[in-house]
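# Structure at a glance
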Amino acid sequence: MSDTPIATAFTELVGVRTPIVQTGMGWVAGPRLVSAAANAGALGILASATMTPEQLRSAVREVRSRSGAPFGVNLRADASDAGERVRIILDEGVKVASFALAPRPELIARLKDAGVVVIPSVGARRHAEKVAAWGADAVLVQGGEGGGHTGSVATTVLLPQVVDAVDIPVIAAGGFRDGRGLVAALAYGAAGVAMGTRFLLTSDSTVPDAVKARYLAAGVQDVTVTTKVDGLPHRMLRTDLVDALERSGRTASLLRALRHASAFKRDSGMSWAAVIRDGLAMKHGRELTWSQVLLAANTPMLLKAAMVDGRTDLGVMAGGQVAGLIDDLPSCAELVERIMAEAHATLGRLPTVV
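Here's what I pulled together on the structure shown here.

Procedures and definitions
Residues numbered from 1 in each chain as written. Predicted model: local features only at pLDDT ≥ 70, side-chain atom pairs only at ≥ 80, totals over all residues. Heavy atoms only, no water. Helix = DSSP H or I, 4+ residues; strand = E, 2+ residues; numbered from the N terminus. Buried < 20%, exposed > 50% of the residue type's maximum accessible area, 1.4 Å probe, protein only. Axes fitted to C-alpha atoms, helices over the stretch in contact; angles between N-to-C directions. Parallel < 35°, antiparallel > 145°, perpendicular 65-115°, else oblique. Left-handed = near helix turned anticlockwise from the far one by under 90°. Contact = heavy atoms within 4.5 Å. Nonpolar A, V, L, I, M, F, W, Y, C, P; charged D, E, K, R; others polar. Phe/Tyr/Trp six-rings, centres within 6.5 Å; stacked < 30°, edge-to-face > 60°. Lys NZ or Arg CZ within 6 Å of the ring centre and 35° of its normal. Pairing = 2+ DSSP bridges. 1 Å grid on protein atoms, 1.4 Å probe; cavity = no way out; pocket = protein on both sides within 12 Å on 5 of 7 lines; lining within 4 Å. Points joined across faces, edges and corners; volume = space filled by probe spheres on them. Salt bridge = Lys/Arg side-chain N within 4 Å of Asp/Glu carboxyl O.

## A word on unusual backbone geometry
Among all residues save glycine, negative phi is the norm, and among peptide bonds the norm is trans. The phi dihedral of Trp-27 falls on the positive side, at around 70°, and the residue is not glycine. Its place among the elements puts Trp-27 in the loop between β1 (20-22) and α2 (31-39). Exposure remark for Trp-27: the relative accessible area of 21% places this residue in the partly exposed category.

What follows is the structure, given as structure tokens:
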């Protein structure tokens, strides 16, 4: 039964076998995870924000060498080199471009003119309406349960609002991990689900074992939202570092921000002007201190410390509330097969309408 496809407007749009998306998580969604997700029948998405343009091009080619299935690249629309990254997507023939923030209309038009499917991520109905009017092909809507930068409205409230507001496929994110969630999302009118934390916690993920163990040990109450990392609501595991950030004063925050900004500048090859420019882009329309501006530009270094270096004491671990319900590390193939089997079983248990 799990081999029976569940076709939706999303699967038809991008040509994948299942209505499942592996999200573009910085330092996590690299070629190995993305190709494994794509081979399993999901839409794997590379996270480009933590890569240099050269690394992005190499990663795209590595995914293609590992998988012939469709995959995508996630971009930061406000990044100073967003145009260069779009050019790489076009040069390499990538099928899908997703965006962590709403892309500018000209970026959408440039991608669509080249036949690329554009899927922005949003956290509010009005943002979904905006990108749909600009020509987005689909929209990924994340409720407050989701990991990383998130909003305050639960998926069960936000998702039906967006489904009712736009005429393009809607992908639901925030709180999904299994086949029951997929069926629930479809019942709300979504065309698929997107999962980050659940794919992070697979055997195909390159996240260090010690970090995975911290996620697996976490309960629902161990996942919190803080604004102390970069001034924006950020859902992550509660750790001693997060508690320290919550208690730290302005001077300590500024010194920490400068230290991390310097490390990010060195690793990324960016100039100080570019680091500040990207931070100011995130500051736009928000009340951020200067230390938060620096942290907004270099938060990837705090994530890298955990997700790459395995330093749970020095890094932050973004994750959705669903982390408190996950207790195993299947391969992507096992995970997707399980989700589809659960979805069919759930559908089979639903009452028959007479």
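## A few points about the packing of helix α4 (residues 82-92) against helix α5 (residues 105-113)
Interhelical geometry of α4 versus α5 gives an angle of 10° and a closest axis separation of 10 Å. By the angle class used here, α4 and α5 are roughly parallel. Crossing angle aside, the handedness with which α4 passes α5 is right-handed. On the side of α4, the interface is formed by Ala-82, Gly-83, Val-86, Arg-87, Ile-89 and Leu-90, while α5 contributes Leu-107, Arg-110 and Leu-111. Of the residues in the contact of α4 with α5, the class split is 6 nonpolar, 1 polar and 2 charged.

## Focus: the packing of aromatic side chains
How two aromatic rings sit relative to each other is set out by the distance from centre to centre and by the angle between their planes. Considering all chains together, one arrives at 0 aromatic pairs under this definition. Stacked on the ring of Trp-27, the Lys or Arg Lys-304 has its end atom at 5.9 Å from the ring centre.

## Structural notes on the sheet that holds strand β8 (residues 170-173)
Pairing between the strands of a sheet comes from backbone hydrogen bonds, and it takes one of two forms, parallel or antiparallel. If you trace the 8 strands once around the closed barrel, you get β1-β2-β3-β4-β5-β6-β8-β9, paired in parallel fashion. Taking each pair of neighbouring strands and ignoring which way they run, the sheet shows an average axis angle of 25°. Sheet topology note: the strand β6 (residues 139-142)/β8 ladder contains 4 bridges and is parallel. Across the sheet, residue Leu-140 finds its bridge partner in β8, namely Ile-171. Sheet strands touched by helix α3 (residues 53-66): β2 (43-47) and β3 (71-75). Its angle to β3, the strand with the most contacts, is close to 160°.

## A word on the sheet that holds strand β11 (residues 234-237)
The antiparallel open sheet is built from 3 strands, whose spatial order is β7-β11-β10. In this open sheet, the two edge strands, each paired with only one partner strand, are β7 (148-149) and β10 (223-226). Bridge analysis of β7 against β11 gives 2 bridges, and the strand direction is antiparallel. Within the sheet, the bridge partner assigned to His-149 lies in β11 and is His-234. Packed onto the sheet, helix α11 (residues 240-247) meets β10 and β11 and runs at close to 30° relative to β10.

## What to know about the layout of surface pockets
Its volume calculated, the second largest pocket comes out at about 240 Å³. For the second largest pocket, the lining is made up of 16 residues, of which Trp-27, Val-28, Gly-30, Pro-31 and Met-51 are closest to its centre. Counting residues per element, the lining of the second largest pocket draws most heavily on α2, which supplies 3 residues. Taken together, the residues that form the lining of the second largest pocket break down as 10 nonpolar, 4 polar and 2 charged.

## Looking at the environment of Gly-26
Tracing the backbone through its elements, the reader meets Gly-26 in the loop between β1 and α2. A relative accessible area of 27% means that Gly-26 is categorised as partly exposed. Residues in contact with Gly-26, not counting those within four places in the same chain, are Ala-47 and Thr-50.

## Side note on the pattern of salt bridges
Any two side chains of opposite charge can pair, given that their charged atoms come close. Counted under the stated rule, the structure contains 16 salt bridges. For Lys-112, the salt bridge is made with Asp-137, and the minimal N-O distance between the two is 2.8 Å. Taken together, the positions of Lys-112 in helix α5 and Asp-137 in the loop between α6 (125-134) and β6 put the pair 25 residues apart, joining distant regions of the chain. Note that Asp-328 is salt-bridged to Arg-198, the shortest N-O span being 3.1 Å. Taken together, the positions of Asp-328 in the loop between α14 (290-307) and α15 (332-349) and Arg-198 in helix α9 (residues 197-200) put the pair 130 residues apart, joining distant regions of the chain. Since its relative accessible area comes to 4%, Arg-198 is described here as buried.

## Observations concerning the side chain of Thr-346
Looking at where Thr-346 falls in the secondary structure, it is placed in helix α15. The exposure class assigned to Thr-346 is buried, which follows from its relative accessible area of 11%. When residues no more than four places from it in sequence are discounted, the contact partners of Thr-346 are Arg-180 and Val-183.

## Remarks on the environment of His-234
The topology assignment puts His-234 in strand β11. The class for His-234 is buried, based on a relative accessible area of 3%. Ignoring sequence-local partners within four residues, the contact set of His-234 consists of Gly-148, His-149, Thr-224, Val-225, Thr-226, Val-229, Thr-299 and Ala-318.

## Re the environment of Gly-310
Residue placement: Gly-310 occurs in the loop between α14 and α15. Along the primary structure Gly-310 and Lys-212 are separated by 98 residues, whereas in three dimensions their C-alpha atoms are 9.3 Å apart. If near-sequence neighbours (up to four positions away) are discounted, Gly-310 is found in contact with Pro-208, Val-211 and Ala-305.

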